[in-house]
Amino acid sequence: MKYFGGCDVGSTYTKCVILDENGKIVADVTNRSKINPVQSAEIALNDAVAKVDGLNSAKDLTYLIGTGYGRNKVPFADENISEISCHAMGVHVTNPEVKAIIDIGGQDVKGIAIDTDGTVKNFAMNDKCAAGTGRFFEAMASAFEMSLPEFSKLSIGAKNTIPITAQCTVFAESEVISLVGEGKPMDEIAAGIELAVAKRCFVMAKKAGATDSITLTGGCAKNDGLKEAIEKVLKIKVVELDTDPQLMGALGAAEYARQKGLAGAQV
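Every value quoted in this text rests on a predicted model; they were computed, and no experiment measured them.

The rules behind these values
- Note on numbering: residues in each chain are counted from 1, in written sequence order.
- Residues qualify for local features only when their pLDDT is at least 70, as the model is predicted, and side-chain atom pairs are given and counted only at 80 or more; totals for whole chains, interfaces and linings, by contrast, use all residues.
- Where side-chain values are given, they derive from all heavy atoms of the structure, hydrogens and water being excluded.
- When DSSP finds two or more bridges between a pair of strands, those strands are recorded as paired.
- In this description a helix means any DSSP run of H or I spanning at least four residues, a strand means any run of E spanning at least two, and both kinds are numbered starting from the N terminus.
- Structural elements are reduced to axes, namely lines fitted to C-alpha atoms, with helices fitted over the stretch in contact, and the angle between N-to-C directions of any two is expressed from 0 to 180 degrees.
- Helices are assigned an expected span. That span is 1.5 Å times one less than the residue count.
- Throughout, exposure labels follow a simple rule: accessible area from a 1.4 Å probe, protein chains only, divided by the maximum for the residue type, with under 20% read as buried, over 50% as exposed, and the rest as partly exposed.
- Each C-beta atom gives one direction from the helix axis, and the arc is the one those directions make.
- Note on contacts: a residue pair is in contact if any heavy atoms of the two residues lie within 4.5 Å.
- We call two N or O atoms a polar contact when they sit within 3.5 Å, provided that within protein one can donate a hydrogen and the other can accept it, with sequence-adjacent residues counted only if both atoms are side-chain atoms.
- Stacked, tilted and edge-to-face are the three classes applied to pairs of Phe, Tyr and Trp rings, where Trp contributes its six-membered ring and a pair requires centres within 6.5 Å; stacked means planes under 30 degrees apart, edge-to-face means over 60, and tilted covers the rest.
- Only buried residues count toward a nonpolar core, which is a set of Ala, Val, Leu, Ile, Met, Phe, Trp, Tyr and Cys residues joined through side-chain atoms within 4.5 Å.

(A) Molecular detail of the sheet that holds strand β7 (residues 109–114). One open sheet holds the 5 strands; their spatial order is β8-β7-β6-β9-β10, and the pairing between them is mixed. For this open sheet the edge positions go to β8 (120–126) and β10 (237–239), each flanked by a neighbour on one side alone. For this sheet the average axis-to-axis angle between neighbouring strands, irrespective of direction, equals 25 degrees. Inspection of the sheet shows strand β6 (residues 100–104) paired to β7 by 5 bridges, in the antiparallel sense.

(B) Layout of helix α1 (residues 37–49). In a regular helix each residue adds 1.5 Å, so 13 residues correspond to 18 Å; α1 covers 18 Å between its end C-alpha atoms and thus fits that length. Burial in α1 covers these residues: P37, S40, A41, A44, L45, A48 and V49. The arc that holds the buried residues of α1, viewed along the axis, is 150 degrees, so those residues lie on one side. Here the buried face of α1 lies against β1 (3–9), β2 (13–20), β3 (25–32) and β4 (63–67). Regarding α1, its N-cap is N36, as a side-chain oxygen of that residue lies 2.8 Å from the backbone nitrogen of V38 further along.

(C) Representation of the packing of aromatic side chains within the structure. Inspection of every chain in the model, using the stated rule, returns 3 aromatic pairs. With a centroid separation of 5.8 Å and 75 degrees between ring planes, the pair formed by F136 and F137 is classed as edge-to-face. On the numbers, 5.5 Å between centres and 40 degrees between planes, the contact of F144 with F151 is tilted. Exposure remark for F144: the relative accessible area of 5% places this residue in the buried category.

(D) Inspection of the environment of V176 at higher detail. Structurally, V176 can be placed in helix α5 (residues 169–181). For V176, a relative accessible area of 0% puts it in the buried group. Sequence separation between V176 and T119 is 57 residues; the distance between their C-alpha atoms is 40 Å. Apart from the residues lying within four places of it in its own chain, the contact partners of V176 are M140, A143, F144, I164, I189 and I193.

(E) Structural context of the nonpolar core. One finds I102, F151, I193 and I230 to be the most contacted residues of the largest nonpolar core, which totals 40 residues. Among the secondary structure elements, those contributing two or more residues to this core are β6, α3 (134–143), α4 (148–154), α5, α6 (186–207), β9 (213–217) and α7 (224–234). If one sorts the elements of this core by residue count, α6 sits on top with 8 residues. Not counting the four nearest positions on each side in its chain, I193 is found in contact with F136, F137, M140, F144, F151, I164 and V176. If you look at the next biggest cluster of nonpolar residues, it comprises 18 residues, including C7, A27, A48 and V52.

(F) Here's a closer look at the sheet that holds β2. Spatially, β3-β2-β1-β4-β5 is the arrangement adopted by the 5 strands of the open sheet, whose pairing is mixed. The open sheet terminates on both sides in strands that have one partner only, identified here as β3 and β5 (79–80). Pairing analysis gives 7 bridges linking β1 to β2, with the strands arranged antiparallel. Following the sheet pairing, Y3 is matched in β2 by D20. α1 rests against β1, β2, β3 and β4 of the sheet, and its axis sits at about 40 degrees to β2.

Rendered as structure tokens:
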């Protein structure tokens, strides 16, 4: 059996997926990224390889593709492909009916339109400001003295929404701390935060050509409050994926590796 790998070295988390010849996920790993992207990739690859009988190191993979901001730093990679292309392919193999993505990474937000073969049809990116990214949500959870999973559910069921007016992560955190100090309902403040991010996603979604449905990828896709807010702002359905949405970049990279590795074997 041949195995194919994808390693997504992100600014916050590093993910690795290994597929068999049939495209089945045989191993996956999600680790907090180190400062050194090479170290991040090595640890994720070693952890994933250890889960597959018959593999001793990443060198044993038939084909390996790196992606993410540290894609050029993945040891033993045969090539690297942008995370935009890999997220599109990852979603395509998970659910071919989905044609639009909002990918909320640690430091940027992307809107991606998927073509019928899983390639990128169109995309837009907001990488000028941390507001609305994974780092932003980490700052907000910290302001509430909560974990990210706790914060992601806080706004569910809020009766009202307290608007967050600051557009900058630093100022928004100060605004939230002030509101909490004033004794405002925490669920309503959280609802305001989720709504503010959803409005930022609106532009990305429209540029990605979203019409009746969209899916979220990246760690923020696990934020239930954000999904609810996006459905409210965009007035379209947010499709939940069967596979961990945080793995989409690594999965897409592994699928590209599988296609290229099998094609090379047939030449």
